[in-house]
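Spelled out from the first residue to the last, the chains are:
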Number of protein chains: 2
Amino acid sequence: MLDAKWHSALTEWRKLLGPDAVVLDPAALFAVETTTFPTAQTVPAILRPSSREEVQECLRIATRFHVPVYPRSSGKNWGYGSGVPPQSNCAILDLSRMNRILDCNEKLAYVTVEPGVTQQQLYDFLTRQKSNLWMDATGSSPHTSLIGNIMERGFGHTPHGDHFAQSCGLEVVLPTGDVVETGYSRFPNSVTGPLYRWGVGPFLDGLFSQSNFGVVTRMTIWLMPAPAHFEAFLFRCDHQAQLGPLIEALCRLRLAGTIQSAVHVGNDYKVLSSLQQYPWEITQGKTPLLPDQMDSIRTRLQFGVWNGSGGLYGTKSQVRAARREIRRALAGKVTQLRFLDDRMLALSLKFAKPIKLLSGWDLSKTVALLQPLYGLLKGIPTDRPLQSAYWRKPSPIPAQMDPDRDRCGLLWLAPIIPSDAGDVAKIKSVTSETLLAAGFEPMISLTMITGRAIACIIAISFDRDIPGEDQRAMACYRALASQVTALGYYSYRLGIQSMEEMDGSASYVSLLRTLKSAVDPAGILAPGRYEVEQNPKSGVAAAS
Amino acid sequence: MLDAKWHSALTEWRKLLGPDAVVLDPAALFAVETTTFPTAQTVPAILRPSSREEVQECLRIATRFHVPVYPRSSGKNWGYGSGVPPQSNCAILDLSRMNRILDCNEKLAYVTVEPGVTQQQLYDFLTRQKSNLWMDATGSSPHTSLIGNIMERGFGHTPHGDHFAQSCGLEVVLPTGDVVETGYSRFPNSVTGPLYRWGVGPFLDGLFSQSNFGVVTRMTIWLMPAPAHFEAFLFRCDHQAQLGPLIEALCRLRLAGTIQSAVHVGNDYKVLSSLQQYPWEITQGKTPLLPDQMDSIRTRLQFGVWNGSGGLYGTKSQVRAARREIRRALAGKVTQLRFLDDRMLALSLKFAKPIKLLSGWDLSKTVALLQPLYGLLKGIPTDRPLQSAYWRKPSPIPAQMDPDRDRCGLLWLAPIIPSDAGDVAKIKSVTSETLLAAGFEPMISLTMITGRAIACIIAISFDRDIPGEDQRAMACYRALASQVTALGYYSYRLGIQSMEEMDGSASYVSLLRTLKSAVDPAGILAPGRYEVEQNPKSGVAAAS
C-alpha cells in the first residue's frame with residue numbers, strides 16, 4: 001500500500017527517532033484514525049519526536065520525500081475530529097513527548113510550555129509550586145494540550161478565557177524545517193519575549209493559529225494572579241421569553257467591564273446531558289427526548305430552560321460592587337440568581353449531611369454537580385463536561401473516559417453570533433427544529449466571549465454503535481451547518497468534518513493559498529487543515 | 001530624472017484619477033519629503049485616490065510598471081518619519097480623501113472607518129450623534145488618522161488603549177490590486193464581521209500591521225460605552241528612589257485588573273517640555289538643560305521627578321473600590337496622589353478666579369494644563385502633547401502646529417521593557433547619560449501598557465535650524481538605540497530612521513521576505529518599510 005517514497009521516509013524517520021518512536025502497530029494506527037464520527041482517513045505511521053530538533057528533521061524528511069505529516073499534541077479535539085487528519089495518508093507527528101514546562105515567572109505571571117503539556121499538568125505544577133497564579137481551563141478533558149487548544153483558539157471561563165489573546169512568543173518549526181520565534185523572542189538577547197505580544201514588524205502569531213503553516217513547539221502563556229476574592233454567579237430562567245433580555249443585559253455588563261470573563265448560558269438539554277445519561281426509562285427506549293418530556297424532567301430536577309454562570313474577580317469590595325450591578329441588571333430577567341464563594345461552598349459541604357437528615361434534601365449531590373463548574377471559573381480543569389459525550393450510550397460512563405475508543409458519537413458546530421436577542425432567538429429555533437426533526441436533542445450553550453459576540457456551541461450527541469446513526473448524525477450536522485451559515489453565522493473553529501466552511505471570497509482563498517505555498521512549497525504539512533479542498537499537490541497525490 | 005516607466009505610470013495614474021489627483025508640484029513634493037529629522041528621500045509624485053477601487057487600480061498600475069508606491073493616511077507620524085518613505089522614488093499614495101465614517105453601532109459599540117478619518121473627526125461625529133460611546137485617542141495631533149495609528153500599533157490611555165487589539169474586519173488592497181476582507185467579513189452574507197476579531201482559519205490582521213503587505217482601506221474600531229463614572233488619578237514622586245517600587249506597585253494593580261488602562265509616568269524633563277518651551281533665560285542660551293537647573297525649575301513649578309496619571313472607569317462604587325486599592329498600593333511610593341472627576345474639575349474652574357483673588361494661586365493655569373491630560377483619559381483628542389516638538393525652537397509655538405514645516409527636530413525611540421524596577425532603572429540611566437552627554441534633554445515617559453510590559457518613549461527634541469544639530473541628534477539617536485538593544489530592549493514601533501532594527505534571527509528575516517515576495521512579487525508596496533535592507537528589486541532599481 002505504501003509506495004517507495006513512504007518506505008524511504010520511514011527508513012529515515014526510524015534512523016532519526018529510533019524504531020520505537022516510529023509506530024506502525026495496526027492497533028495504534030486504528031486508534032489515531034478514530035474519532036467521534038465516521039471517517040475514512042488512513043494513517044500510515046505515527047512519529048514521536050522528543051525535541052524541537054527532531055521535529056525539524058521529521059519535517060525535512062517529509063519535504064524531501066514529499067510525504068505529508070499531521071501534528072497532534074494530545075489528539076483530544078473531540079467533536080472536531082480528535083487527532084484525525086482531514087486527508088488520508090498523513091503520518092501523525094505526535095508531540096506529546098515534548099511536555100516540559102520550561103519557565104514559570106511568578107511576578108510577571110506567565111509560563112512557557114511545550115505542546116505536550118496538558119491542562120492538568122500545568123494545574124498540578126502550579127499547585128506544587130504553591131503558586132499564586134491561576135491558569136484558565138477549557139471545559140474539556142484535563143488531559144488536553146494547552147498549546148493545542150490555544151492554536152485552535154479555544155476559550156475558557158476566567159478573565160483569560162480568550163486563550164489565543166493570552167499567548168505570545170511562539171517557537172514554530174516551519175514546513176521546511178526552519179525554526180522561527182515570534183515577537184521579541186526572535187532577537188537572541190531580548191528580555192521581553194514572554195512579556196509583549198506584538199513584537200516589532202508584522203505580527204505573525206495569528207498565521208499559525210487555525211492553520212497548517214507551522215508546528216508550534218513552544219509558547220508563553222500569560223496567567224492571572226489569584227484575585228483577593230472570587231465569587232461565582234449562577235442564574236436560571238424558567239421561561240424562554242427571558243432569554244433575549246437576559247442576553248442583552250449580560251452583554252451590556254460585559255461591554256461595561258462589570259463582568260470581565262465569559263458568561264456561559266446553557267439550555268435544559270445541555271444541562272441534563274451534563275447531569276446524567278439519556279433517560280431511556282422515561283422515553284421507553286425511544287429517541288429523541290421530546291420537549292414535553294424535557295419539561296417534566298426539568299421541573300423535577302429544578303433547573304431552568306436556560307441556566308448560566310460566570311465569575312467575579314477582584315478585592316472583596318470590587319466583587320461586591322460588581323455583584324450589586326449584576327443584581328440590578330438581571331432583575332426580572334432571571335428566575336433565580338445566586339452568588340457563591342469558597343466559604344459558602346465549604347459550608348454547604350460541611351452541612352450537607354445534617355441538612356439531608358433534617359430535610360431530606362441531598363445538598364451534597366447539588367454541590368458535587370456545582371463544584372466542577374465553580375472550579376472551571378477558577379481555572380481548575382475538570383472532565384465533568386466530557387461526560388456528555390456518553391449521553392446516548394446504554395452502558396455507564398467509564399472511569400477512564402475515551403470517547404473515540406468507546407464509540408461515542410459527538411459533533412460540534414460552533415458559530416459566532418451577534419450579542420443580540422434576535423440572533424439568539426434565530427439560532428435557538430433553527431437548532432431545535434433541525435435537531436429534533438433528525439432525532440437528536442438540541443444541546444446548546446451560549447458563551448458571551450466578548451460584549452459583542454456570542455460563541456454558540458451546539459452538540460450532536462449520539463451512539464456510534466447504533467447502525468445508521470453515524471450517517472443520520474452527519475446528515476443532520478450538514479443540514480444545520482448550511483442553515484446556520486445561510487443566516488450569516490460562521491464558526492469560530494472548524495472540525496475536520498467542516499473544513500469546506502473555509503471557502504469565502506475568491507480573493508481571500510487565493511491569498512491563503514499564496515501564503516501556504518510560500519511557507520510550505522512541498523505541501524507536506526497538514527494538507528486540508530483549515531483550507532479549502534483543492535487538487536492535491538503532485539507529491540502528495542503520488543503518495544496516496 | 002524619471003525614466004520611461006515612471007512616465008508611463010504617471011500617464012496611467014492621471015487617466016485614472018484625473019490630473020488634479022496626481023500632484024507633481026515641487027512645493028507639495030517638498031512637504032511630503034520633509035520630516036522632523038534629516039532625510040534624503042525624494043518623492044516623484046503624490047497620488048490622491050478617492051475610493052478603494054482607485055487604490056486597487058493605482059497598485060495595478062504600479063505593479064505593471066514596476067514603480068513603488070508608499071501609502072500615507074494623514075502623514076503625521078512625527079518623530080518616526082512623518083509620511084516620508086524609507087526609500088527614494090516612491091510615489092506617495094495619499095489616502096486622506098477616503099475619509100468616510102461608514103458605520104456606527106451604538107448598541108454593539110463600534111465604528112467602521114476609512115483611512116482618512118482622523119481622531120478629531122470621529123470625536124466630532126460621536127459628539128454630534130450624542131453618542132454614549134467613547135473613543136480612545138493617542139497623544140498626538142487630533143488630525144492624525146485612526147487607521148494609520150492602529151496599523152502602527154499605537155496606543156492610547158483608556159481601557160481601549162491597545163489600539164490594534166480593538167480593531168477588526170479589515171478591508172485590504174493587496175499589492176497586486178486584489179482586495180481581501182479579514183475575519184468574517186470575507187463571507188459575503190456574514191453578520192459578525194465587525195463583532196469578532198479572529199474569524200476562522202489563520203488570523204491575518206497582524207500581517208498588515210507594521211508591514212508593507214497591503215493598503216488598509218477600511219476597518220472596524222471597537223469603542224467603549226461611556227462609564228457611569230470616571231475618575232482620573234494623578235501622582236508624583238519627588239525622589240528618584242520612589243520610581244522602582246512605584247512601577248512595581250502599578251504593575252501589580254494592572255495585573256490584578258484594578259487598573260484597566262495604561263498608566264503614564266513621565267520624568268521632569270518630559271513634563272517641562274509639555275508645559276513650556278526651552279527655558280533659554282535660565283540657561284543663558286546654553287543647552288542642554290542640566291539636572292541641577294531642572295531641579296530648581298521643578299521645585300518652583302511644583303512637579304515631581306516622576307509624574308503620573310491614569311483613569312478609573314465604572315460605576316461609582318466600582319471606582320470607589322479601585323480608588324481604595326490604589327491608595328493602599330501607592331502609599332509611601334508617591335509624594336502626592338490625587339483623584340479628580342468631572343465635578344471637581346468643574347468646581348476648580350468655577351472657583352479659579354475667587355481662589356486667585358484670595359490666595360494668589362492661579363488655579364486656572366493648573367486646570368488648563370490638566371484638562372488635556374484629563375481629556376485624553378476619556379479619549380478626547382488634544383494637540384497639547386505635540387507642543388513639546390517646539391521645545392527648542394526660539395520662536396513661540398504657532399496656533400497651527402506643523403513640526404515638519406516648522407523645522408522642529410524630533411526623534412522617538414520606543415523600546416518595550418519588562419515591568420521591573422531594575423529594567424526601569426537601566427533604561428533611565430542609559431537614556432539620561434547618553435542624551436545629556438550629547439547635549440539633549442532626556443525626556444522619558446513610561447507607559448504601563450500591560451501588567452507585564454512598559455512602553456518607554458524617549459524623545460530627542462532639537463531645532464533643525466541650528467547648523468549641525470540634525471547630525472548631532474541622529475548620532476545621539478543611533479548611540480542610544482544601539483545601547484538599548486544591547487540591553488535586550490526592542491522597539492514597539494519603528495521610524496524610517498530605525499528600520500535596521502527589523503534584523504533579527506536569519507530564519508525570521510527569511511520568513512518575512514518569503515511572505516513579502518508572495519504577496520508583493522513585484523516589490524512595489526512601501527519598500528523598506530518594516531523590513532531589513534536588501535538589494536533592491538530589479539524593477540525598482542531600474543526606476544531609481
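All chains use their own residue numbering, which begins from 1 and follows the written sequence. Chains carry letters from A onward and ligands carry numbers from 1 onward, assigned in written order. Residue-level local features of this predicted model are given only where pLDDT is at least 70; pairs of side-chain atoms are given and counted only at 80 or more, and the full residue set underlies all totals for whole chains, interfaces and linings. The basis for every side-chain value is the complete set of non-hydrogen atoms in the structure, without hydrogens or water.

A separate point is the pattern of salt bridges. Residue and element names in this part refer to chain A. Every case where a carboxyl oxygen of Asp or Glu lies within 4 Å of a side-chain nitrogen of Lys or Arg is listed as a salt bridge. Overall, the coordinates contain 58 salt bridges over all chains when judged by the stated rule. Among the salt bridges present, the one from Arg 529 reaches Glu 152, with a minimum N-O distance of 2.8 Å. In this pair, Arg 529 is assigned in the loop between α15 (506-519) and α16 (538-543) and Glu 152 in the loop between α5 (146-151) and β8 (167-173), connecting sequence segments 377 residues apart. Only protein chains enter the area calculation, which uses a 1.4 Å probe; residues under 20% of their type maximum are buried, those over 50% are exposed, and those in between are partly exposed. In this structure Arg 529 comes out as buried when scored by relative accessible area, which is 15%. On the basis of relative accessibility, which here comes to 5%, the residue Glu 152 falls in the buried class. Put simply, Arg 218 and Glu 171 hold a salt bridge, and the shortest N to O gap is 3.3 Å. With Arg 218 in strand β10 (residues 215-222) and Glu 171 in strand β8, the pair connects residues that are 47 residues apart, well separated along the chain. Using a relative accessible area of 19% as the deciding quantity, one classes Arg 218 as buried. When its relative accessible area of 7% is taken as the criterion, Glu 171 is described as buried. Strands are runs of DSSP state E lasting at least 2 residues, helices are runs of H or I lasting at least 4, and numbering of each runs from the N terminus.

What follows deals with the interface of chain A and chain B. Listed as interface residues are 85 residues of chain A and, on the opposing side, 85 residues of chain B. Computed with a 1.4 Å rolling probe, the buried area is the accessible surface lost when two parts are put together, summed over both parts. With both sides pooled, the region where chain A packs onto chain B buries about 7000 Å², and carbon together with sulfur makes up 63% of that total. The largest per-residue losses of area from chain A upon contact with chain B belong to Arg 186, Arg 452 and Tyr 508 of chain A, which jointly make up 12% of the total buried on that side. In this structure, the salt-bridge partner of Lys 107 of chain B is Asp 420 of chain A, at a minimum N-O distance of 2.6 Å. Between N or O atoms, a polar contact is any pair within 3.5 Å; within protein, one atom must be a potential hydrogen donor and the other a potential acceptor, and residues adjacent in sequence are included only when both atoms are from side chains. The interface formed by chain A and chain B holds 46 residue pairs in polar contact (both at pLDDT 80 or more) in total. Elements with a minimum of two residues in the side of chain A that touches chain B: β9 (179-181), α6 (243-255), α10 (316-330), β17 (415-418), α14 (469-486), β20 (490-491) and α15 of chain A. The biggest single contributor to the side of chain A that touches chain B is α15 of chain A, with 8 residues. Grouping the constituent residues of the side of chain A that touches chain B by class yields 45 nonpolar, 26 polar and 14 charged. Between two residues, a contact is recorded if the distance between any of their heavy atoms is within 4.5 Å. Gly is put with the polar residues, along with every residue not named as nonpolar or charged; the nonpolar set is Ala, Val, Leu, Ile, Met, Phe, Trp, Tyr, Cys and Pro, and the charged set is Asp, Glu, Lys and Arg.

Turning to the relation of the copies chain A and chain B, a few remarks are in order. With an RMSD of 0.0 Å, chain A superimposes on chain B once it is rotated by 180° and translated 0.0 Å along the axis. Expressed as an axis order, the relation between the two copies is that of a two-fold axis. Of the residues that chain A buries at the interface, 100% are likewise interface residues in chain B, meaning the two copies contact each other through the same surface. Superposing the copies works by least squares over the C-alpha atoms of residues that have pLDDT at least 70 in both of them.

The subject of this paragraph is the pairing of strand β12 (residues 229-237) of chain B. Residue and element names in this part refer to chain B. Along β12, 9 of the 9 residues are buried, which leaves the element largely enclosed by surrounding structure. At least two bridges found by DSSP between two strands is the condition for calling them paired. Alignment of β12 against strand β14 (residues 306-314), held across 9 bridges, turns out to be antiparallel. Looking across to β14, one finds that His 229 is bridged to Gly 314. Bridge analysis of β12 against strand β15 (residues 336-340) gives 5 bridges, and the strand direction is antiparallel. Within the sheet, the bridge partner assigned to Ala 232 lies in β15 and is Leu 340.

This part is about the sheet that holds strand β1 (residues 22-23) of chain B. Residues and elements named next belong to chain B. With mixed pairing, 4 strands are arranged side by side in an open sheet as β1-β2-β4-β3. Each having just a single partner strand, β1 and β3 (69-72) make up the two edges of the open sheet. Looking at chain direction, strand β2 (residues 46-47) and strand β4 (residues 91-94) are connected through 2 bridges and run parallel. Bridge pairing in β4 places Leu 47 opposite Leu 93. For helices, the axis comes from a line fit to the C-alpha atoms of the stretch in contact; other axes are also lines fit to C-alpha atoms, and the angle between any two N-to-C directions lies between 0 and 180 degrees. Contacts from helix α3 (residues 52-65) reach β2, β3 and β4, with the element oriented near 165° to β4.

Once that is clear, we can look at helix α4 (residues 119-128) of chain A. All names here are of chain A. Those residues of α4 that sit buried are Gln 119, Leu 122, Phe 125 and Leu 126. Along the long axis of α4, the arc covered by the buried residues comes to 130°, so they all point the same way. Of the surrounding elements, those touching the buried residues of α4 are β5 (101-105), β6 (110-113), β7 (133-134) and α5. It is the directions from the helix axis to the C-beta atoms whose arc is reported.

This part is about the state of the cysteines. Throughout, a disulfide means two cysteine sulfur atoms within 2.5 Å of one another. For the coordinates displayed, the defined rule picks out 0 disulfides over all chains. Cys 168 of chain A takes part in no disulfide bond, and the closest cysteine sulfur, belonging to Cys 104 of chain A, lies 14 Å away.

Below, the discussion takes up the sheet that holds strand β6 (residues 110-113) of chain B. Residues and elements named next belong to chain B. The 5 strands lie next to each other as β5-β6-β10-β8-β9, forming an open sheet whose pairing is antiparallel. Two strands in the sheet have a free side with no partner beyond their single neighbour: β5 (101-105) and β9 (179-181). Neighbour-to-neighbour, the strand axes of this sheet turn through a mean angle of 10°, independent of strand direction. As defined by bridge partners, strand β8 (residues 167-173) adjoins strand β10 (residues 215-222) across 5 bridges and the pair is classed as antiparallel. The residue bridging Val 172 from the neighbouring strand is Val 216, located in β10. Packed onto the sheet, α3 meets β8, β9 and β10 and runs at close to 50° relative to β8.

Quick look at helix α9 (residues 291-301) of chain A now. Residue and element names in this part refer to chain A. Within α9, the full set of buried residues consists of Gln 293, Met 294, Ile 297 and Arg 298. End-on, the buried residues of α9 take up no more than an arc of 135°, which puts them together on one face. Among the exposed residues of α9, those oriented more than 90 degrees off its buried face are Asp 292, Thr 299 and Arg 300. Its buried side turned inward, α9 meets α7 (268-275) and α8 (280-283). A positive backbone phi angle near 60° is found at Gln 302, which sits one or two residues after α9.

Relative to β6 of chain A, β5 of chain A runs antiparallel, the two being bridged by 4 bridges. The partner of Asn 105 of chain A across the bridge, within β6 of chain A, is Tyr 110 of chain A.

Residues enter patches when their relative accessible area tops 30% and they take part in no salt bridge; the joining distance is 9 Å for like charges and 5 Å for the nonpolar side chains Val, Leu, Ile, Met, Phe, Trp and Tyr. Residue-level accessible areas treat just the shown protein chains as cover; the underlying method is Shrake-Rupley with a 1.4 Å probe. The charged-residue count follows a simple rule in which Lys and Arg add positive charge and Asp and Glu add negative charge, with His and chain termini not counted at all. Throughout, a charge is located at the NZ atom of Lys, the CZ atom of Arg, the CG atom of Asp or the CD atom of Glu. Positive charge collects at one region of the surface, where Lys 316, Arg 320, Arg 324 and Arg 343 of chain A together with Lys 316, Arg 320, Arg 324 and Arg 343 of chain B lie side by side. Of all the secondary structure elements, the ones that give two or more residues to the positive patch are α10 of chain A together with α10 (316-330) of chain B. Counting through the fold element by element, Lys 316 of chain B comes out in helix α10. The class of Lys 316 of chain B is exposed, set by a relative accessible area of 54%.

Let's shift gears to the packing of aromatic side chains. All names here are of chain A. Stacked, tilted and edge-to-face are the three classes applied to pairs of Phe, Tyr and Trp rings, where Trp contributes its six-membered ring and a pair requires centres within 6.5 Å; stacked means planes under 30 degrees apart, edge-to-face means over 60, and tilted covers the rest. Going through the model one piece at a time under the given rule, you end up with 32 aromatic pairs over all chains. Geometrically, the ring pair formed by Tyr 278 and Trp 280 is tilted, given 4.4 Å between the ring centres and 55° between the ring planes. Feature note: the residues Trp 134, Phe 230, Tyr 313 and Tyr 374 constitute an aromatic cluster, connected by ring pairs. Any Lys NZ or Arg CZ that is within 6 Å of a ring centre and within 35 degrees of that ring's normal is treated as a charge sitting over the ring. The ring centre of Phe 164 lies 4.6 Å from the NZ or CZ of Arg 197, which sits over that ring.

Take Thr 192 of chain B: it is sitting in the loop between β9 and β10. Excluding residues within four positions of it along the chain, Thr 192 of chain B makes contact with Ile 416, Ile 417, Pro 418 and Gly 488 of chain A together with Tyr 184 of chain B.

In terms of nonpolar packing, the biggest core is built from 150 residues, with Phe 208 of chain A together with Phe 208 of chain B touching the most fellow members. Those residues within four positions of Phe 208 of chain A in sequence are excluded, and the remaining contacts are Met 151, Leu 170, Val 172, Leu 174, Thr 182, Phe 213, Gly 214 and Val 216 of chain A together with Leu 511 of chain B. Of all hydrophobic cores here, the second largest spans 87 residues; its members include Leu 29, Val 67, Leu 435 and Met 448 of chain B. Buried Ala, Val, Leu, Ile, Met, Phe, Trp, Tyr and Cys residues form a nonpolar core when they are joined through side-chain atoms within 4.5 Å.

To continue, consider the environment of Ala 109 of chain A. Note that Ala 109 of chain A resides in the loop between β5 and β6. When its relative accessible area of 0% is taken as the criterion, Ala 109 of chain A is described as buried. Measuring from C-alpha to C-alpha, the distance between Ala 109 of chain A and Ser 131 of chain A comes to 9.8 Å, with 22 residues separating the pair along the chain. Leaving out residues up to four positions away in the same chain, Ala 109 of chain A has contacts with Leu 133, Ile 221, Trp 222 and Leu 223 of chain A together with Leu 255 and Arg 452 of chain B.

All names here are of chain A. Confidence of the predictor in every single residue is expressed as pLDDT, which spans 0 to 100. The predicted model of chain A averages 94 in pLDDT, with 97% of residues at 70 or higher. Segment residues 535-544: pLDDT under 50, and 15 contacts once partners within four positions in sequence are set aside and those in other chains are kept. Prediction confidence for the complex, expressed as pTM and ipTM, is 0.96 and 0.95 respectively.

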